[in-house]
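# Commentary on secondary and tertiary structure
The lines below spell out each chain.
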Amino acid sequence: MSTDPTAEATTEPTTEPTHDEIRGALDRAAEAAAGQVVAWRHHLHRNPELSNREEKTAALVAGHLRSLGLDEVRTGIAGHGVVGVLRGGRPGARTVALRADIDALPVKDLCGADFASETVDADYPGGPFPVSHACGHDCHTAMLMGAASVLAGVRERLPGTVLFVFQPAEEGPPVDEDGGARAMLAAGAFADPVPSMVFGLHVTPYPKGYVGYRIGNQYAASTLVRIVVTGHQTHGSTPWQGIDPMPAAGGILTGIGQIYRQVSAFDPVTVSIGHVEDVGRFNIIGQTVTLWGTVRCAVESDMAEVQRRLAVLAEHTAAAYGAMAAVDFLQPVPPVHNSAAWVAAGLPTLRRVVGEERVVETGGTLGYDDVSEFVNRFGGLYVMLGVQDATLDEAGRPVPVPGGRGLVTNHNPRFYADDDTLVTGVRLHAHMAYAHLTGVLTVDSADVA
């Protein structure tokens with residue numbers, strides 16, 4: 001028998017699990033949690049809550065996080081925000097924040113599922129409104145709840161900390177209220193510990209199980225716009241005795257359709273008016289008409305010029321009718337920016353989870369997501385997860401699968417998401433977190449552009 005202690009040490013069996021073994025454990029735990037994730041999603045879908053009103057949703061999330069024995073569960077952040085803190089059993093300086101948004105939309109639910117929402121919020125400002133998860137936040141919330149279960153199950157093997165961030169008011173709070181990602185930052189949600197990476201995903205009308213990513217701006221810059229056109233109230237039978245704000249508002253609406261021609265055509269912009277509000281009666285020419293809308297810019301530097309031109313258009317058009325217009329830009333949201341360095345670091349893990357052929361680069365979008373406040377500040381990635389009956393054509397564009405449910409965009413009353421894809425989102429969260437904490441997925445700050 002050899003007396004060389006080095007030789008003896010090399011023959012000792014190792015009990016330390018490898019990365020592949022832990023990844024396998026993450027996958028098995030995700031599959032075991034899949035049924036519960038679908039059940040959570042159905043419950044959330046049936047019981048949606050509008051921005052800054054997510055009380056029951058937050059309670060469900062917090063209750064689940066507490067059941068996992070996390071180190072901390074922080075509630076009431078920027079309204080109904082919830083942050084769960086999971087400190088790993090091994091030393092590590094990294095902190096990964098996994099984010100899901102939890103609010104719903106004032107949109108009727110026509111998805112056709114047996115768990116469709118019948119909720120109506122009679123008290124919300126401007127309501128009553130039918131309420132539904134027409135943007136898929138029910139999926140986001142359920143998937144992150146599932147990821148919390150999975151990662152809590154391997155906590156002793158994690159070097160570092162995981163933050164499970166459930167954010168309210170992503171769709172934007174009522175204009176006289178604060179809320180959303182920026183409010184969570186202001187409330188200190190990320191002060192202790194500070195994330196070294198943020199990861200999140202958004203369900204989208206893309207082939208089921210596909211991950212779409214984009215280097216640069218994944219989502220556009222956005223702002224809410226309010227245009228108040230003021231005339232002079234009078235009786236409908238004597239319009240010459242007042243100033244009718246309605247024709248001025250119509251002129252502004254018509255002019256808005258030409259703003260895109262006044263900035264570079266190589267970077268898309270759009271101005272959309274989604275709501276017209278007046279105070280009056282059929283036989284009264286009212287005092288004011290208010291236009292509510294959104295400005296979107298693929299490149300953030302275009303936003304100031306679009307805003308300037310919109311304000312000039314509104315003010316001068318109103319003046320041509322003898323009225324006045326006041327323009328306010330509210331709730332600005334910067335674009336979600338995925339740096340080339342973070343994309344390069346994240347692609348191997350994304351491909352490992354869903355398969356190399358299912359990770360594809362996508363085109364730009366004028367959608368917005370205020371997760372940008374987190375990703376842009378701390379670094380990380382935000383990607384899209386396909387959840388619909390689709391395939392990609394030769395040009396890489398999603399097209400419906402024959403006999404399927406079609407392609408339906410987010411915010412459409414008929415938007416749907418496939419339940420079987422939710423486990424993929426759970427796995428993505430878990431694997432991206434593990435990869436970052438173990439140093440497999442990391443970026444030197446000097447490489448971020």
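What you are looking at is a predicted structure, and each value in this text was computed from that prediction instead of being measured.

## Observations concerning the packing of helix H2 (residues 19–46) against helix H3 (residues 55–67)
- With their axes 11 Å apart at the nearest point, H2 and H3 run at an angle of 160 degrees to one another. As the angle between them shows, H2 and H3 are arranged roughly antiparallel. The two elements H2 and H3 cross, and the hand of that crossing is right-handed. Across the interface between the two elements, Trp40, His43 and Leu44 from H2 touch Thr57, Leu60 and His64 from H3.
- Broken down by class, the residue content of the contact of H2 with H3 amounts to three nonpolar, three polar and no charged.

## Considerations on the pairing of strand E3 (residues 90–101)
- Pairing of E3 with strand E6 (residues 159–167) involves eight bridges; the strand directions are parallel. Bridged to Asp101 within E6 is Gln167.
- In this structure, E3 lies alongside strand E7 (residues 197–207), joined through four bridges in parallel fashion. Across the sheet, residue Arg99 finds its bridge partner in E7, namely Gly200.

## Examining helix H10 (residues 422–437)
- For H10, with 16 residues, the first-to-last C-alpha span of 23 Å sits near the 22 Å given by 1.5 Å per residue.
- Counting buried residues in H10 gives 16 out of 16 residues, a clear majority hidden from the surface.
- Trailing H10 by a residue or two, Gly439 shows a phi angle of about 85 degrees, which is positive.

## Brief notes about the nonpolar core
- Leu98, Leu151, Val162, Phe164, Phe166, Phe199 and Leu428 are the most contacted members of the largest nonpolar core, which totals 69 residues.
- Excluding residues within four positions of it along the chain, Leu151 makes contact with Leu26, Leu86, Leu98, Leu158, Val162, Phe164, Ala430 and Ala433.
- By size, the runner-up hydrophobic cluster in this structure holds 26 residues, among which are Ala248, Ile252, Val289 and Leu313.

## Here's the deal with the sheet that holds E6
- If you trace the eight strands from one edge of the open sheet to the other, you get E1-E2-E6-E3-E7-E18-E8-E17, paired in mixed fashion. In this open sheet, the two strands that pair with only one neighbour each are strand E1 (72–77) and strand E17 (359–361). Mean inter-strand twist for the sheet, computed between neighbouring axes without regard to direction, equals 25 degrees.
- In terms of strand pairing, strand E2 (residues 81–87) meets E6 through six bridges, oriented antiparallel. By the bridge assignment, Val82 is partnered in E6 with Phe166.
- Where H10 meets the sheet, its contacts fall on E3, E6, E7, strand E8 (211–213) and strand E18 (380–388), and the angle it forms with E3 comes to roughly 150 degrees.

## Things to note about the packing of aromatic side chains
- For the structure on display, the rule yields four aromatic pairs.
- Of the aromatic side chains, those joined through ring pairs into one cluster are Phe190, Phe374 and Phe378.

## A few points about H2
- Here H2 is 28 residues long and its end C-alpha atoms lie 39 Å apart, about the 40 Å a rise of 1.5 Å per residue gives.
- Of all the bends in H2, the greatest, near 45 degrees, is centred on Ala34.

## Comments concerning the side chain of Thr223
- Along the chain, Thr223 falls in strand E10 (residues 221–230).
- Looking at Thr223, its side chain comes within polar contact range of the main-chain oxygen of Leu330, at 3.0 Å.
- Leave out the neighbours within four places in its chain, and Thr223 touches Gly293, Thr294, Val295, Met303, Gln307, Phe329, Leu330, Gln331 and Pro332.

## A word on the pairing of E1
- By the bridge criterion, four bridges tie E1 to E2 in an arrangement that is antiparallel. When the sheet's bridge partners are listed, Val73 is paired in E2 with Gly84.
- Where E1 hands over to E2, the hairpin turn is made up of three residues, of which Ala78 adopts a positive phi near 55 degrees.

## Structural notes on the pattern of salt bridges
- Overall, the coordinates contain 21 salt bridges when judged by the stated rule.
- For Asp369, the salt bridge is made with Arg99, and the minimal N-O distance between the two is 2.9 Å. Residue Asp369 is located in the loop between E17 and helix H9 (372–378), and its partner Arg99 is located in strand E3; the two are separated by 270 residues in the primary sequence.
- Taking the relative accessible area as the measure of exposure, Arg99 reaches 2% and is therefore buried.
- Here Arg182 and Glu373 are joined by a salt bridge, their closest N and O atoms 2.5 Å apart. With Arg182 in helix H5 (residues 181–186) and Glu373 in helix H9, the pair connects residues that are 191 residues apart, well separated along the chain.
- The class of Arg182 is partly exposed, set by a relative accessible area of 42%.
- Among the ionic contacts, a cluster of salt bridges with common partners joins Arg99, Asp101, Asp369 and Asp370.

Definitions and limits used
Residues numbered from 1 in each chain as written. Predicted model: local features only at pLDDT ≥ 70, side-chain atom pairs only at ≥ 80, totals over all residues. Heavy atoms only, no water. Axes fitted to C-alpha atoms, helices over the stretch in contact; angles between N-to-C directions. Helix = DSSP H or I, 4+ residues; strand = E, 2+ residues; numbered from the N terminus. Parallel < 35°, antiparallel > 145°, perpendicular 65-115°, else oblique. Left-handed = near helix turned anticlockwise from the far one by under 90°. Contact = heavy atoms within 4.5 Å. Nonpolar A, V, L, I, M, F, W, Y, C, P; charged D, E, K, R; others polar. Pairing = 2+ DSSP bridges. Expected span 1.5 Å × (residues − 1). Buried < 20%, exposed > 50% of the residue type's maximum accessible area, 1.4 Å probe, protein only. Core = buried A, V, L, I, M, F, W, Y, C linked by side-chain atoms within 4.5 Å. Phe/Tyr/Trp six-rings, centres within 6.5 Å; stacked < 30°, edge-to-face > 60°. Bend = angle between axes of the 7 residues up to and from the residue. Polar contact = N/O pair within 3.5 Å; in protein donor to acceptor, adjacent residues only side chain to side chain. Salt bridge = Lys/Arg side-chain N within 4 Å of Asp/Glu carboxyl O.

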